[in-house]
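As a plain string of letters, each chain reads:
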Amino acid sequence: MESLLQQIKEHKAAIAAFDANNADEVEQFRIKWLGTKGLVKAIMGEMRNVPNEQKKEFGQILNEFKLFAEARFQELQDQFAGAATAAVSHSQDFSLPGDPVAVGSRHPLTLVRNEMVSIFKRLGFSVAEGPEIEDDWHNFGAMNLPEDHPARDMQDTFYIKKPEDGNGPTWLLRTHTSSVQARVMENQKPPIRVICPGRVYRNETVSARAHCFFHQVEGLYIDENVSFADLKQTLYFFVQEMFGKDVKVRFRPSYFPFTEPSAEMDISCLICEGKGCNICKHTGWVEILGSGMVHPKVLENFGIDSNKYTGFAFGMGVERITQLKYQVNDLRLYSQNDVRFLKQFTGVV
Ligand code: DAH
């Protein structure tokens with residue numbers, strides 16, 4: 001047993017004297033002493049030869065030796081782990097400010113248009129698009145606005161080509177997305193349930209309240225037994241989803257050549273909550289859309305039997321909805337590309 005004690009003493013000295021220069025050497029130390037074929041295990045195996053009456057005493061000595069070797073290993077390991085961190089902290093200063101990542105944001109009109117589209121999609125509407133350069137028929141004629149119809153004056157038009165410029169039809173920049181309704185009725189049979197988002201153009205002097213281009217979302221629903229009640233409920237659902245459950249609506253009789261009867265819809269002013277402000281011109285109400293039951297003539301223009309089918313249509317300005325949602329009071333801001341304005345809007349859609 002003397003020789004075992006001697007051996008342990010020598011091992012301890014060797015372990016204490018061991019110094020590693022790098023992590024590899026620490027690993028070698030582990031294999032030599034603590035590995036499955038290492039010296040600590042071998043020494044522990046000597047317990048077999050210790051007489052029973054000395055087992056308790058030797059058990060303690062051997063155990064202490066094992067802990068000694070493990071502690072040294074831990075020390076060496078910490079030393080190199082520390083060194084690795086030190087090396088990193090020399091080359092990198094985590095307190096330096098980061099490189100800014102410029103993240104763009106969606107345009108407020110895009111955000112609002114997407115939200116409008118998603119609300120109508122939930123009601124089963126699908127999206128239809130059409131050209132911004134239109135012929136006279138799709139923009140006016142088919143929508144029950146023949147040439148010389150006085151209601152053409154409601155929309156100051158940018159003409160691209162008139163008959164007097166040469167042969168062929170009149171070409172213009174569409175004044176409303178009702179032209180897309182015309183294209184849908186031309187190509188689809190009822191039931192039809194579409195919304196038509198898009199840019200439209202009018203020959204207006206640019207000011208805070210008017211612009212030569214803006215955006216509309218138009219809707220069209222044609223089927224058997226579609227009634228004015230369907231129109232009202234659809235639009236009521238829309239404003240509640242868009243502006244919240246507290247919003248109130250009212251319909252006023254109006255006139256559009258493509259609908260009969262026609263109505264404009266107002267919502268209670270969200271900015272002053274009905275108390276009266278500049279936006280609602282102190283009436284407590286803001287007009288947000290035009291609507292009505294599709295005029296039988298319009299249906300017949302596309303070969304849709306107006307005795308069998310009825311439909312409703314509506315059209316609204318995205319800028320107006322955005323103005324109410326975000327309280328933007330100058331239409332020009334939308335197209336000036338001023339980042340200070342644009343970066344204020346956030347949204348997921
Ligand atoms: N096209 C109209 C405009 O631009 C808006 C409108 C009113 C569209 C009534 C419709 C409608 O579809 O039914 O002023």
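Please refer to the structure higher up on the page.
Residues numbered from 1 in each chain as written. Predicted model: local features only at pLDDT ≥ 70, side-chain atom pairs only at ≥ 80, totals over all residues. Heavy atoms only, no water.

Participant: I'm lost on the sheet that holds strand 3 (residues 159-161) in this one. Help?
Facilitator: Sheets are built from strands paired through backbone hydrogen bonds, the pairs being either parallel or antiparallel. The sheet built from three strands is open, its strands ordered 2-4-3 with antiparallel pairing. Unpaired on one side and paired on the other, strand 2 (133-135) and strand 3 mark the two borders of the sheet. On average, adjacent strands in this sheet sit at an angle of 35° to one another, irrespective of strand direction. Direction of pairing for strand 3 relative to strand 4 (residues 171-173): antiparallel, over a ladder of two bridges. What sits directly across from K161, in strand 4, is W171. (Pairing = 2+ DSSP bridges. Helix = DSSP H or I, 4+ residues; strand = E, 2+ residues; numbered from the N terminus. Axes fitted to C-alpha atoms, helices over the stretch in contact; angles between N-to-C directions.)

Participant: How do you make sense of the environment of G38 when you look at a structure like this?
Facilitator: As for its placement among the helices and strands, G38 is situated in the loop between helix 2 (23-34) and helix 3 (39-45). Once residues lying within four places of it in the same chain are set aside, the contact partners of G38 are I31, K32 and W33. (Contact = heavy atoms within 4.5 Å.)

Participant: Please clarify how the layout of surface pockets should be interpreted in this entry.
Facilitator: To locate leftover empty space, one rolls a probe as large as a water molecule over the atoms. Taken as a whole, the second largest pocket holds about 300 Å³ of empty space. In terms of lining, the second largest pocket is formed by 18 residues, of which the most central are L109, T110, R113, R199 and H215. In terms of residues, the lining of the second largest pocket owes the most to one element, helix 5 (residues 108-122), which gives four residues. Its residues assigned to classes, the lining of the second largest pocket shows seven nonpolar, seven polar and four charged. (1 Å grid on protein atoms, 1.4 Å probe; cavity = no way out; pocket = protein on both sides within 12 Å on 5 of 7 lines; lining within 4 Å. Points joined across faces, edges and corners; volume = space filled by probe spheres on them. Nonpolar A, V, L, I, M, F, W, Y, C, P; charged D, E, K, R; others polar.)

Participant: Explain the site of the ligand here, please?
Facilitator: Looking at the ligand, there are 16 residues lining it, with H176, Q181, R202, Q216 and E218 nearest. Here an oxygen atom of the ligand and a side-chain polar atom of Q216 are 2.8 Å apart. In isolation the ligand offers 350 Å² of accessible surface; the protein chains occlude 91% of this area. Sorting the residues of the shell around the ligand by element identifies helix 7 (178-187), strand 6 (213-223), strand 9 (285-294) and strand 10 (310-317) as the ones contributing at least two each. Looking at side-chain class alone, the shell around the ligand contains four nonpolar, ten polar and two charged residues. (Near = heavy atom within 4 Å. Polar contact = N/O pair within 3.5 Å; in protein donor to acceptor, adjacent residues only side chain to side chain. Areas by Shrake-Rupley, 256 points an atom, 1.4 Å probe, with all protein chains shown as cover.)

Function cannot be inferred from these measures alone, as they are strictly geometric.
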